[in-house]
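One letter stands for each residue in the lines below.
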Amino acid sequence: MHDRQETGRPAPSRKGGTIVGRQEKPVDPAAGPAAEFALALRQLRKEAGSPTYGTMARHTTAYSAATFSRAAAGEQLPTLPVLRAYVAACGGDPEEWEHRWARASDDLASRAAESSDTPAPYLGLARFEPGDSDLYFGRDRLVHDLLALTDRHRVVAIFGSSGSGKSSLLRAGLVPRLRDRAVPTAAVRLLTPGARPLSRHREALRPADAPGDTWLIVDQFEELFTLCHDPEERDSFLAGLLAAREPDSRLHVVLGIRADFSPHCLAHTEFARTIRRASLPVGPLTRDELRKAIIGPATARSLVVERALTATLIDEVHGRSAGLPFLSHALLETWRRRRGRTLTLEGYQRAGAMRGVIAQSAEAAYARMDPAQAETTRQVMLRLITPGVEVPDTRRPTSRREIESAGDVRETTTVLDILARARLITLDGDTVDLAHEALITAWPRLHAWIEEDREKLRLHRWLTDAAEAWESVGRDPGVRISPVRLTQLDVHFTTPADRRRLTTLEADFIAAGRATHRRGNRVRWTARAVVPLLAMMTGIAARLAWGQILATRQHPPAPPPSNTPAAAVSPPPTPPSPRTRSS
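On a predicted model such as this, the values are computed, not experimentally measured, just so you know. (Residues numbered from 1 in each chain as written. Predicted model: local features only at pLDDT ≥ 70, side-chain atom pairs only at ≥ 80, totals over all residues. Heavy atoms only, no water.)

(A) Geometry of the sheet that holds strand S13 (residues 425-428). With antiparallel pairing, the three strands of this open sheet are ordered in space as S12-S14-S13. With partners counted over all chains shown, the strands left at the sheet margins are strand S12 (398-399) and S13, one partner each. For S12 and strand S14 (residues 431-434), the ladder comprises two bridges, and the chain directions are antiparallel. Within the sheet, the bridge partner assigned to Thr398 lies in S14 and is Val432. Of the strands in this sheet, S13 and S14 are in contact with helix H20 (residues 409-421), which crosses S13 at around 115°. (Pairing = 2+ DSSP bridges. Helix = DSSP H or I, 4+ residues; strand = E, 2+ residues; numbered from the N terminus. Contact = heavy atoms within 4.5 Å. Axes fitted to C-alpha atoms, helices over the stretch in contact; angles between N-to-C directions.)

(B) Examining unusual backbone geometry more closely. Here Ser302, not a glycine, exhibits a phi torsion of approximately 60°, which is positive. Relative to the elements of secondary structure, Ser302 occurs in the loop between helix H13 (287-300) and strand S8 (304-305). One non-glycine residue, Arg423, lies in positive phi territory at about 60°. With respect to the helices and strands, Arg423 occurs in the loop between H20 and S13.

(C) Just the sheet that holds strand S4 (residues 185-191), in detail. As summarised here, the arrangement of the five strands in space is S4-S5-S6-S3-S7, forming an open sheet in which the pairing is parallel. Each end of this open sheet is capped by a strand with a single partner; those strands are S4 and strand S7 (279-281). Pairwise comparison of adjacent strand axes, ignoring direction, gives a mean angle of 15° for this sheet. Note: strand S3 (residues 155-160) against S7, three bridges, orientation parallel. Following the sheet pairing, Ala157 is matched in S7 by Ser279.

(D) Region of the structure containing the side chain of Ser64. Following the sequence through the fold, Ser64 ends up in the loop between helix H2 (53-60) and helix H3 (65-71). Judged by relative accessible area, which is 0%, Ser64 ranks as buried. (Buried < 20%, exposed > 50% of the residue type's maximum accessible area, 1.4 Å probe, protein only.)

(E) How the structure looks around the pattern of salt bridges. Considering all chains together, one arrives at 42 salt bridges under this definition. When the shortest N-O distance is used, the salt bridge between Glu289 and Arg141 registers 3.4 Å. Here Glu289 is found in helix H13, whereas its partner Arg141 is found in helix H6 (residues 140-152), with 148 residues between them in sequence. Between Arg196 and Glu233 there is a salt bridge, with the nearest N and O atoms lying 3.5 Å from each other. Taken as a pair, Arg196 in the loop between S4 and helix H8 (197-201) and Glu233 in helix H10 (residues 231-242) lie far apart in primary sequence, 37 residues in all. Assessed through its relative accessible area of 37%, Arg196 is described here as partly exposed. What makes Glu233 buried here is its relative accessible area of 9%. Among the charged side chains, a network of salt bridges with common partners joins Arg127, Glu129, Arg171 and Asp219. (Salt bridge = Lys/Arg side-chain N within 4 Å of Asp/Glu carboxyl O.)

Structure representation (structure tokens):
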């Protein structure tokens, strides 16, 4: 039993032999989300026949009457386990009430964050950037090992699972150390490959015109295989990176690679030989490193973390290779529900705890949207996904222009703002990206959207890439789309709603492909019609000619008339015979 104290339990009174609970204090719904939620709980209890809190406690056996009384007092939001027990005792719908609780919890957290003059010490699902190095704790040993590796090799790779902290290690761990080194550094360049790595980063592969070496940090290296579909461009970009191996190249290359894409890397012989000698695994944090990662950022902001909360978080994350995004997001949501300057275990539980914190934050943001915004959210999130083929699904950074072109610009802008404030996506200039790939599996609704539209999503990714390639060569009006692809597009993008999901470029590409297909059909149809006609005309002409020949043989033409008399016409002389000639 979690809580059996009876402090604050409503004292029962007797009236006519029946036990009646003491009247509860009135609650003003204008006092805030907690008070409004408490009134809703009281209404649920009333609809259940107004059982006493003691009766409800006996129904669940896990919580006391006092706990249920406080849950509906309106002073604070109950924890999720207490809410579930309360709703079960009153016969309510658990799923509905969990959604209501998530909305109220998020509203409370938003109000607390907005009223705070202290910036958040945790980044949630977002990665650490070089400017966040003062909040980056727990990876000192790994940063040291990585620097030592770069001293021995000019091309280095780190491997780790999604969520292991590779990007943060490169950005907030390595980059600041490189910039602070006593050794002259010409430049430190940070990039991700994207769909056109060589076209986009050709200049970055050349050393800077300054004293010292140039450092090229390539994060999300797996984009070379998930977003770049041109083998020649991929190989050329790899060749440019491997050129850094030469002692006089004045280049150092450090790659961050998701571990499940290592087979793609090993398929390239020279690249495999290089990184086999110069790679570093990024594994889970030790218990001591986790403690530093939890407490360090709070201390940097003059905050305190309850020991019970620290111990709970370490137990839940230790040994999980992909646990860091969940830890960071749970700490951010706990900070939003802090008590004064203290992050508490209770605040963590109200945030949804480790298992549900990401889903709860996402659902809370989604629940505040109207139907049009909710549908736009679905389309935006799916455009940020590349469905995996024999590998897990990955995120797909894309341009804001592409996303806004696929719908109403004003509606899309509003949705992007909501998602960014909820820290589900990041907006960096013209680039829109998922805050972290952990969202793909941690948010059930998003995962369901992907599974529901997986085949359409794969086709849509092909369409987007093909349309962009078509635009890059000047929108050739004679572009050809295979009949199989056109049939697939007709099947998946036939309704007005489906067509509204296409960007202007995608729609123009399909229209050009269909026009080419129609012209080809007309040529084929014309050929099919003309060839028999020509054959028939040739046959007719041949028959007419043959008939003319036969007629000529049967009735030879009369000799031409002449004005010369017959007697005046002498036959040609007969040549002498050989016998006459010899005599």
